[in-house]
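# A closer look at the structure
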Amino acid sequence: MDDANRYRMYTETMNRRKILKYGAAAGAVGLAGCMGGESPSEDSSSENSASGDESGTVSLSVASPTIGFPVEDPIGKTFMEGYDVEMSLKSIPATPAELIQLFVAGDGENQFDVVWDNGGGMEELLGSRGSLAEVDPSQIPNWSDRASAFQDDGYLYDTMTYDGTLLGVPSARNADSIAYLRDQIDEPDSWGVVFDDQYRGQTAIIDDYANAPHWTALYLRENDRAEVHNADLLSDSQWNAIDSIEGDKINNLNVDQLDAVIEYLIGQKNLGQFRTIWQSFGNVSNLLKNGEVVASYAYEPSVVALQAEGVDIGYPAMREGNFEWDDHWFMTSGAPDRGRDEGYYRLAEYSLTPEYGAMMNDTRGFSTGVPVAECMAYAEENFSAERAQRNQELFDLRQARFDANGPTHAWNNPNPDLLDTYLDEWNRFLNA
């Protein structure tokens, strides 16, 4: 099926859903108004909320970072209204620590029906301990419409599985970079800008063991020692460890390699290089908006939001390669027993629609599991010409970051082979 027909089918399905919902709602409100009563309560739908009846409203308890899918956001409202889902949200940080705490040390599968995979890689950690339910793709009518990278033979398919079992549905993906203030510095083309002496005390990195060590390792490995800022922070043996990092995807360092990366970061920290080590989306956004930092690793939603406020900020491709991740919607193992699997499959369906893909690109600067051509078909049909053009620009800039150094890149990995060592080493950096 070509993109135009697929998009038309999607639009017709959404219109049918909205007609059914809004028609029923309008009738109920009209009756309530004539009787002088209150707006309709949830009583009429509560009988179906646990049954999974497609004609009724279902409930869904979600753990997600606010940059993902907040219920008060237009994307969240559109989903809930169009798919008859009452969604409650617990906001969690976009770094993996709290998610690990919720599910590994806690009972997240009993608290939540759905969880957003923070930064990718959670399928192994949560799947191996039985926290996630198997996904039945036959329950997702548009499952076959997903982008090629997420198809069964795509290079991202295994990020949704554990031990051959499908556990997730694509929610977002990106090639992260360095956000920088255009009126303060020239456009950088290297991760090394955050380590550059001339910006000492004006750069920042993220507080995330699964993140910063990998793109730092990418920077160190992909440049000659003479090109690295403060290369003398590392000994010859540590440089040998860096040189021994193999593969196109840096996401799993051994003891010596991780030690070298952490020593480099500690050295930079002790030199006063970093204004701060940030922990939240709002934190880094304010640092950039207020000019407290001129360059920082950042999520693209910070950049998109600040640009909308008129801040002259860029998010370029890095010559060493991007920092890549893809996130998913996971259904917890407790959700089916609570009758919440119907809500999950409605969320899965919506997350593979062109509307979701276009809106996530437009408001977050994220790609999704939806082909770009279909997202743009939706944008051109439903957005203003200026807004649609901005959507295309965001897609193009992101593709340039994906392609920056061919297949070579760093990757977010909250579940490396040496997880305990990563945690210990990252704490050593934070406490230095």
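Residues numbered from 1 in each chain as written. Predicted model: local features only at pLDDT ≥ 70, side-chain atom pairs only at ≥ 80, totals over all residues. Heavy atoms only, no water.

### Observations concerning the pairing of strand β7 (residues 203-206)
- A two-sided burial pattern is seen for β7, the buried positions comprising T203 and I205 on one face and A204 and I206 on the other.
- Taken together, the four bridges between β7 and strand β9 (residues 274-278) define a ladder with parallel strand orientation. Its bridge partner lying in β9, I205 is registered against I277.
- Relative to strand β10 (residues 295-298), β7 runs parallel, the two being bridged by two bridges. In the sheet register, A204 faces β10, and the bridge partner there is S296. (Buried < 20%, exposed > 50% of the residue type's maximum accessible area, 1.4 Å probe, protein only. Helix = DSSP H or I, 4+ residues; strand = E, 2+ residues; numbered from the N terminus. Pairing = 2+ DSSP bridges.)

### Focus: the side chain of H328
- Inspection of the secondary structure assignment puts H328 in strand β12 (residues 323-331).
- For H328, a relative accessible area of 0% translates into the label buried.

### Looking at the pattern of salt bridges
- The final tally for this structure, using the stated rule, is 21 salt bridges.
- Linking E300 and R401 is a salt bridge whose minimum nitrogen-to-oxygen distance equals 2.6 Å. Of this pair, E300 sits in helix α11 (residues 300-308) while R401 sits in helix α15 (residues 385-402), and the two are 101 residues apart along the sequence. We note that E300, like R401, is buried.
- Close ionic contact of E393 with R390 constitutes a salt bridge, the shortest N to O distance being 3.8 Å. With E393 and R390 both in helix α15 and three residues apart, this pair spans about one turn of that helix.
- Three or more residues are tied together by salt bridges with common partners; here these are D259, E263, E425 and R428. (Salt bridge = Lys/Arg side-chain N within 4 Å of Asp/Glu carboxyl O.)

### Re the layout of surface pockets
- If you add up the space inside the second largest pocket, you get close to 430 Å³.
- For the second largest pocket, the lining is made up of 25 residues, of which A149, Y155, R173, Q399 and F402 are closest to its centre.
- Those elements that provide at least two residues to the lining of the second largest pocket are α15 and β14 (409-411).
- If one sorts the elements of the lining of the second largest pocket by residue count, α15 sits on top with six residues.
- Class assignment for the residues of the lining of the second largest pocket results in ten nonpolar, nine polar and six charged. (1 Å grid on protein atoms, 1.4 Å probe; cavity = no way out; pocket = protein on both sides within 12 Å on 5 of 7 lines; lining within 4 Å. Points joined across faces, edges and corners; volume = space filled by probe spheres on them. Nonpolar A, V, L, I, M, F, W, Y, C, P; charged D, E, K, R; others polar.)

### A look at the environment of M80
- With respect to the secondary-structure elements, M80 resides in helix α3 (residues 74-83).
- M80 gets classed as buried once you look at its relative accessible area, which sits at 16%.
- Along the chain, M80 and R346 lie 266 residues apart, while their C-alpha atoms are 9.5 Å from each other.

### A closer look at the environment of V114
- Checked against the element boundaries, V114 lands in strand β3 (residues 114-116).
- Measuring from C-alpha to C-alpha, the distance between V114 and D341 comes to 9.2 Å, with 227 residues separating the pair along the chain.
- Once you skip the residues sitting within four places of it in the chain, V114 turns out to touch L60, S61, V62, A63, W329, F330, T332, Y344 and L347. (Contact = heavy atoms within 4.5 Å.)

### Some points on unusual backbone geometry
- Positive phi is not limited to glycine here, since D84 has a value of about 55°.
- Secondary-structure assignment places D84 in the loop between α3 and β2 (85-91).
- With a phi close to 55°, D163 is a non-glycine residue in the positive phi region.
- Mapping D163 onto the fold places it in the loop between β4 (161-162) and β5 (165-166).
- Residue classification places D163 among the exposed positions, given a relative accessible area of 71%.

### Overview of the packing of helix α9 (residues 255-270) against helix α16 (residues 419-431)
- Interhelical geometry of α9 versus α16 gives an angle of 15° and a closest axis separation of 9 Å. In terms of orientation, α9 and α16 fall into the roughly parallel class. Crossing angle aside, the handedness with which α9 passes α16 is right-handed. Along the contact surface, α9 presents L258, D259, I262, E263, L265, I266 and K269, while α16 presents T421, Y422, E425, W426, R428, F429, L430 and N431.
- Along the lines of polarity and charge, the residues of the contact of α9 with α16 split into eight nonpolar, two polar and five charged. (Axes fitted to C-alpha atoms, helices over the stretch in contact; angles between N-to-C directions. Parallel < 35°, antiparallel > 145°, perpendicular 65-115°, else oblique. Left-handed = near helix turned anticlockwise from the far one by under 90°.)

### A closer look at the packing of helix α13 (residues 354-364) against α15
- Viewed as axis vectors pointing N to C, α13 and α15 meet at an angle of 80°, and their least axial separation amounts to 9 Å. Taken as axis vectors, α13 and α15 run roughly perpendicular relative to one another. Contacts between α13 and α15 involve G357, A358, N361 and D362 on the former and, on the latter, R387, N391, L394, F395 and R398.
- Taken together, the residues that form the contact of α13 with α15 break down as three nonpolar, three polar and three charged.

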